[in-house]
Amino acid sequence: MSIHFLNCFTCCARFPASWRTGTLCLLIESSDGLVLVDTGPGLVDYLHKPGIMRAFQLLTKMNLDLDETAVNQVVRLGYQPEDVHHIILTHMHFDHCGGLPDFPHASVHVHTREYNAFRRLPLRWTELAYVRRHIAHQPKIILYDEVGECWFDFEAIRLPFEPEMWLVPLFGHSRGHCGVAIDTGSGWLFHVGDAAPLGLDEYVPSWLVRLVLGPHENVLRQFSAAHPEVRITTGHMWLDFF
Ligand SMILES: [Zn+2]
């Protein structure tokens, strides 16, 4: 079993200019075809940028290189887009799910709260990052909300894949934002999405983290210190990581 770490969207801050980051998506070989965790923006987003992406361009410098789309990276790795049978979403902001239309055959696994927030009119400013057309192709959506079990100390939902994977609710950045824990065969990988900044190795003022990413940073730092054997990744990572 192998996991590919893909940068599916280089998006660097204008200030501070030293913040050069990419958007991490995971491509996992599972017992049921390829599983993609988040997609980055899709091909259509590069051709017809959604308004939120144009607004983001004012704050950030984007590569806007089609080679970074998940579908083009999947093909470069020697697979077909149809080989991606499942897509797990940490959340449905444009930079995490815009590539859904590039994998129209894939089932989409997402928390019910996130899907409901995506479908309704925006109630919070972070919900302006939802782009309705990203599910206009009507993919098969599989919703989760019952947390009856735990992964380590976190309430979690077991996903129907081998290797073992868990959806870990970390609500805050968005209504139904979740992390994804994956048994890599040589230890756990905990992808916490946008619940923490930049691989947890950068100091960002805590008020800013709470405002933008939600309330989980301290718990995740404590977890990371208590479990150094668990590898933690975040939705946006330094370019060096890739
Ligand atoms: Zn987000």
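Quick summary incoming for the structure in this document. From a predicted model like this one, the values you see are computed outputs, not experimental measurements. (Residues numbered from 1 in each chain as written. Predicted model: local features only at pLDDT ≥ 70, side-chain atom pairs only at ≥ 80, totals over all residues. Heavy atoms only, no water.)

## Regarding the overall build of the protein
Test applied: Only DSSP runs of H or I covering at least 4 residues are called helices, and only runs of E covering at least 2 are called strands; the numbering of each starts at the N terminus. In this description the radius of gyration comes from C-alpha coordinates, and the expected globular size is given by 2.2 Å times residues to the power 0.38. Remark: exposure states derive from per-residue accessible area (1.4 Å probe, protein chains only) relative to the maximum for the residue type, with buried under 20%, exposed over 50%, and partly exposed in between. Any two residues whose heavy atoms approach within 4.5 Å are treated as being in contact. For accessible areas, the Shrake-Rupley method is used with a probe of radius 1.4 Å. Any residue's cover is judged against the shown protein chains and nothing else. In summary, the charge assignment counts Lys and Arg as positive and Asp and Glu as negative, without counting His or the chain termini. Where a charge lies is defined by one atom per residue type, namely NZ (Lys), CZ (Arg), CG (Asp) and CD (Glu).
Counting its secondary structure elements, the protein contains seven helices and 15 strands. In terms of overall size, the protein behaves like a compact globule, its C-alpha atoms giving a radius of gyration of 16 Å where 242 residues would be expected to give roughly 18 Å. For the protein, the spread of C-alpha atoms along the principal axes amounts to about 45 × 40 × 35 Å. Taken over 242 residues, the protein has a buried fraction of 54%. Restricting to contacts in the protein with at least 6 residues of sequence separation, those with at least 24 account for 62%. Surface summary for the protein: the accessible area is close to 10900 Å², and the carbon and sulfur share equals 54%. The positive charge centre, built from 18 side chains, and the negative charge centre, built from 27, are 10 Å apart in the protein.

## Section: the packing of aromatic side chains
Basically, it comes down to this: Pairing of aromatic rings covers Phe, Tyr and the six-membered ring of Trp, with a centre-to-centre limit of 6.5 Å; geometry is then stacked below 30 degrees between planes, edge-to-face above 60, and tilted otherwise. Placement of a charge over a ring requires the Lys NZ or Arg CZ to be within 6 Å of the ring centre, with the centre-to-atom vector within 35 degrees of the ring normal.
Within the structure shown, the criterion is met by 14 aromatic pairs. Centre to centre, the rings of Trp-151 and Phe-152 are 4.7 Å apart; their planes meet at 75°, and the pair counts as edge-to-face. Taking the relative accessible area as the measure of exposure, Trp-151 reaches 2% and is therefore buried. For Phe-152, a relative accessible area of 32% corresponds to the partly exposed category. Through successive ring pairs, a cluster of aromatic residues spans Trp-151, Phe-152, Phe-154, Trp-188, Phe-190 and Phe-223. The ring of Phe-171 carries Arg-113 above its face, with NZ or CZ at 4.1 Å from the centroid. Geometry around Phe-118 places Arg-132 over its ring, the cationic atom sitting 5.4 Å from the centre.

## Section: the pattern of salt bridges
The following threshold applies: Counted as salt bridges are all cases of a side-chain nitrogen of Lys or Arg within 4 Å of a carboxyl oxygen of Asp or Glu.
Applying the stated rule across the entire model yields five salt bridges. For Glu-127, the salt bridge identified is with Arg-120, shortest N-O distance 2.6 Å. By relative accessible area, which is 2% here, Glu-127 ends up buried. Overall, the relative accessible area of 26% leaves Arg-120 in the partly exposed class. Across the pair Glu-162 and Arg-158 runs a salt bridge whose closest N-O atoms are separated by 3.0 Å. Under the relative-accessibility criterion, Glu-162 is labelled partly exposed at 45%.

## Things to note about the sheet that holds strand β10 (residues 154-159)
The strands making up a sheet associate through backbone hydrogen bonding, with each pair oriented either parallel or antiparallel. Selection criterion: Only strands that DSSP links by at least two bridges are regarded as paired with each other. Axis definition: a line fitted to C-alpha atoms, limited for helices to the stretch in contact. Angles are taken between N-to-C directions and run from 0 to 180 degrees.
Taken together, the six strands give an open sheet; going across it, the order is β9-β10-β11-β12-β13-β14, and neighbouring strands pair in mixed fashion. A strand with exactly one partner marks an edge of an open sheet, and here the two such strands are β9 (149-151) and β14 (231-233). Strand-to-strand, the axes of this sheet are offset by a mean angle of 35°, without reference to chain direction. Here four bridges tie strand β12 (residues 178-183) to strand β13 (residues 188-191), and the two strands are oriented antiparallel to one another. Pairing of Ile-182 across the sheet is with Leu-189, part of β13.

## As for the pairing of strand β7 (residues 107-111)
Defined as follows: Place the viewer so that the strands point away; then a crossover is right-handed whenever the path from the first strand over the helix to the second strand goes clockwise.
Counting buried positions along β7 gives five out of five residues, so the element sits mostly inside the fold. Both faces of β7 are covered, namely the face carrying Ser-107, His-109 and His-111 and the face carrying Val-108 and Val-110. Alignment of strand β6 (residues 84-88) against β7, held across three bridges, turns out to be parallel. Paired with Ile-87 across the strands is Val-108, a residue of β7. Sheet analysis places β7 next to strand β8 (residues 141-144), joined by four bridges and oriented parallel. Opposite His-111, over in β8, you have Tyr-144 as the bridge partner. In this fold, the crossover linking β7 to β8 by way of helix α5 (residues 112-119) has right-handed handedness.

## Some thoughts on the coordination of the zinc ion
Using the following cut-off: Keep in mind that water is not among the atoms, so a site may look incomplete; donors are the N, O and S atoms within 2.8 Å of the metal, or 3.2 Å for Na, K and Ca. A four-donor site is called tetrahedral if each angle lies between 85 and 135 degrees; a four-donor site is square planar, and a six-donor site octahedral, when trans pairs exceed 155 degrees and the remaining angles lie between 65 and 115; all other cases are labelled irregular.
Coordination sphere of the zinc ion, protein contribution only: His-91 (NE2), His-93 (ND1), His-173 (NE2) and Asp-194 (OD), at 2.1 to 2.7 Å. What the four donor atoms of the zinc ion show is an angle range of 83 to 173° at the metal, which sorts the shape as irregular. Here the donor residues for the zinc ion map to a single chain with the spacing H-x1-H-x79-H-x20-D. Residue classification places His-91 among the buried residues on the basis of a relative accessible area of 0%. Among the residues examined, His-93 registers a relative accessible area of 4% and is labelled buried.

## As for a nonpolar patch on the surface
Rules: Patch membership requires more than 30% relative accessible area and the absence of a salt bridge. Residues of like charge join within 9 Å; the nonpolar side chains Val, Leu, Ile, Met, Phe, Trp and Tyr join within 5 Å.
Where nonpolar side chains cluster on the molecular surface, the patch consists of Trp-125, Leu-128, Trp-207, Leu-208 and Leu-211 and spans about 580 Å² of accessible area. In this structure, Leu-128 sits in the loop between α5 and β8.

## Some remarks on the environment of Leu-36
Positionally, Leu-36 belongs in strand β4 (residues 33-37). Overall, Leu-36 belongs to the buried group, its relative accessible area being 0%. Sequence-distant contacts of Leu-36, that is, excluding residues within four places in its chain, are made with Leu-6, Cys-25, Leu-26, Leu-27, Ala-70, Val-84, His-86, Ile-87, Ile-88 and Phe-103.

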